[in-house]
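Now for the letters of each chain:
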Amino acid sequence: MNQNKPMGGTELMKDWLITRLEKNKANLLKKTQILLFDEKPKINKKNILWLHDLPNDKRLQHLRDKQTLQKYKKIVFVSHWQQFLFNAYLHLPYGKGVVIQNSIDPISIHDKPKEGKINVCYFSTPHRGLEVLLNAWEILQNNKELRDKIELNIYSSFKIYNRPDREKEVEHLYAKAKKMNNVNYNETITNKQIRQMLKSQHIMAYPSIYEETSCLCLIEAMSSGCLSVIPNFGALPETSANFARMYGYQEDKTIHAEVHANVLKKAIENYWTKDTQTHLRRQVDYFHNFYNWESRITEWEKLIKSI
């Protein structure tokens, strides 16, 4: 794959995994195939289905069928929460699956900018929480003591999935962002650019309204030392390992924006305190060790050898 263009998290993860497995001298992929949901099992290979989605996806209902399940030697989930859902909704046996969480190459240790504004970032797709964030930002901009000390940097569009139809649905959000004070709107950028951008960011604001089964954006932000403000929705609590500034999810978007603004305000005000900085050092240490491809690839190799 061409990683010089923007790619979705699932695409990135598979590209990273296959690249690493192909370097293994044991030639593990000779008799094994790792499949995403839209890829067909091969008769002459041992098939592993790697799920990143939710069990209510119409494209995954065939997993209810026992004969379909027999086509796969194992099903890999990206979080324990996700595996629970597939068992609860599709009655997929726990014994058929295994959890191997997502991973990245840790973002190198760096110092955050100490002069100027507190930089807040959002770099997920628009439908996952951008509207709530913009409404929350409006609330913060009404705070005279705070508004000129903060800046929001947005990297978001549907061009990452080549979906012009979806772009039309959110054009009003782009227009709103471009008119707002202390907001810089950018379209989606490459993962390499994201990793570099994160080194200048202090806080990740992600008022997610989407049930993430894992969250690559969050992993990268927290690996880079960003203080992250998120709701306790989907697999975000599991992914963040309790290091994030977390709040109770709100179905009402207006209330959600108010709650997010309040928690984000406190995160901004306390960012440079000794306690927060100590917390962030511990966070970076954890994410560099747990969400690290060096250890995660071993889990994949053991799984493939076991089947």
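Each value, and the rule that gives it
Residues numbered from 1 in each chain as written. Predicted model: local features only at pLDDT ≥ 70, side-chain atom pairs only at ≥ 80, totals over all residues. Heavy atoms only, no water. 1 Å grid on protein atoms, 1.4 Å probe; cavity = no way out; pocket = protein on both sides within 12 Å on 5 of 7 lines; lining within 4 Å. Points joined across faces, edges and corners; volume = space filled by probe spheres on them. Helix = DSSP H or I, 4+ residues; strand = E, 2+ residues; numbered from the N terminus. Nonpolar A, V, L, I, M, F, W, Y, C, P; charged D, E, K, R; others polar. Expected span 1.5 Å × (residues − 1). Buried < 20%, exposed > 50% of the residue type's maximum accessible area, 1.4 Å probe, protein only. Contact = heavy atoms within 4.5 Å. Axes fitted to C-alpha atoms, helices over the stretch in contact; angles between N-to-C directions. Parallel < 35°, antiparallel > 145°, perpendicular 65-115°, else oblique. Salt bridge = Lys/Arg side-chain N within 4 Å of Asp/Glu carboxyl O.

Enquirer: Would you take a moment to explain the layout of surface pockets for this structure?
Expert: A water-sized probe, rolled over the atoms, reveals where empty space remains. Each pocket or cavity is described by its volume, and for the largest pocket that value is around 1,100 Å³. Contributing to the lining of the largest pocket are 48 residues, with G8, G9, T10, R128 and Y161 lying nearest its centre. If you list the elements that add at least two residues to the lining of the largest pocket, you get α1 (9-22), α6 (191-198) and α7 (216-223). Grouping the amino acids of the lining of the largest pocket by side-chain chemistry returns 21 nonpolar, 16 polar and 11 charged.

Enquirer: I tried to follow helix α9 (residues 253-270) on my own but got confused; where do I start?
Expert: Residues that lie three or four places apart on an α-helix share one face, since the helix turns once every 3.6 residues. Relative to the 26 Å expected for 18 residues at 1.5 Å per residue, α9 spans 25 Å between its end C-alpha atoms, a close match to the ideal helical length. Buried residues of α9: H256, A257, H260, A261, V263, L264, A267 and I268, and no others. Packed against the buried residues of α9 are β5 (118-122), α4 (130-141), β6 (150-155), β8 (203-205), β9 (227-231) and β10 (245-247).

Enquirer: Hey, could you run me through empty space enclosed by the protein in this one?
Expert: The final tally for this structure, using the stated rule, is 1 cavity of 30 Å³ or more. Estimated volume of the largest cavity: approximately 30 Å³. Around the largest cavity, the lining residues are V78, S79, Q101, T213, S214, E238, T239 and Y291. Across the lining of the largest cavity, the residue classes tally to 2 nonpolar, 5 polar and 1 charged.

Enquirer: Quick question: what am I supposed to make of the packing of α1 against helix α11 (residues 293-306) here?
Expert: Each packed pair of helices is defined by two parameters, the angle between the axes and the distance between the axes. Orientation of α1 relative to α11, taken along the N-to-C sense of each, is 70°, at an axis distance of 11 Å. Our classification of the angle between α1 and α11 gives roughly perpendicular. For the pair α1 and α11, the contacting residues are M13, W16, L17, R20 and L21 in the first and W293, I297, W300, E301 and I304 in the second. Looking at the contact of α1 with α11 residue by residue, the classes come out as 8 nonpolar, no polar and 2 charged.

Enquirer: Help me understand the pattern of salt bridges, please; the structure alone is not making it clear to me.
Expert: Charged atoms that come close allow side chains of opposite charge to pair. Scanning all chains against the criterion turns up 10 salt bridges. Residue R59 pairs with D57 through a salt bridge whose shortest N-O separation is 2.6 Å. For D57, a relative accessible area of 14% gives the class buried. Measuring nitrogen to oxygen at the nearest pair gives 3.0 Å for the salt bridge that ties R166 to E169. Highlighted residues: R166 and E169, both in helix α5 (residues 164-179), separated by 3 residues, approximately one helical turn. Judged by its relative accessible area of 46%, E169 falls in the partly exposed class.

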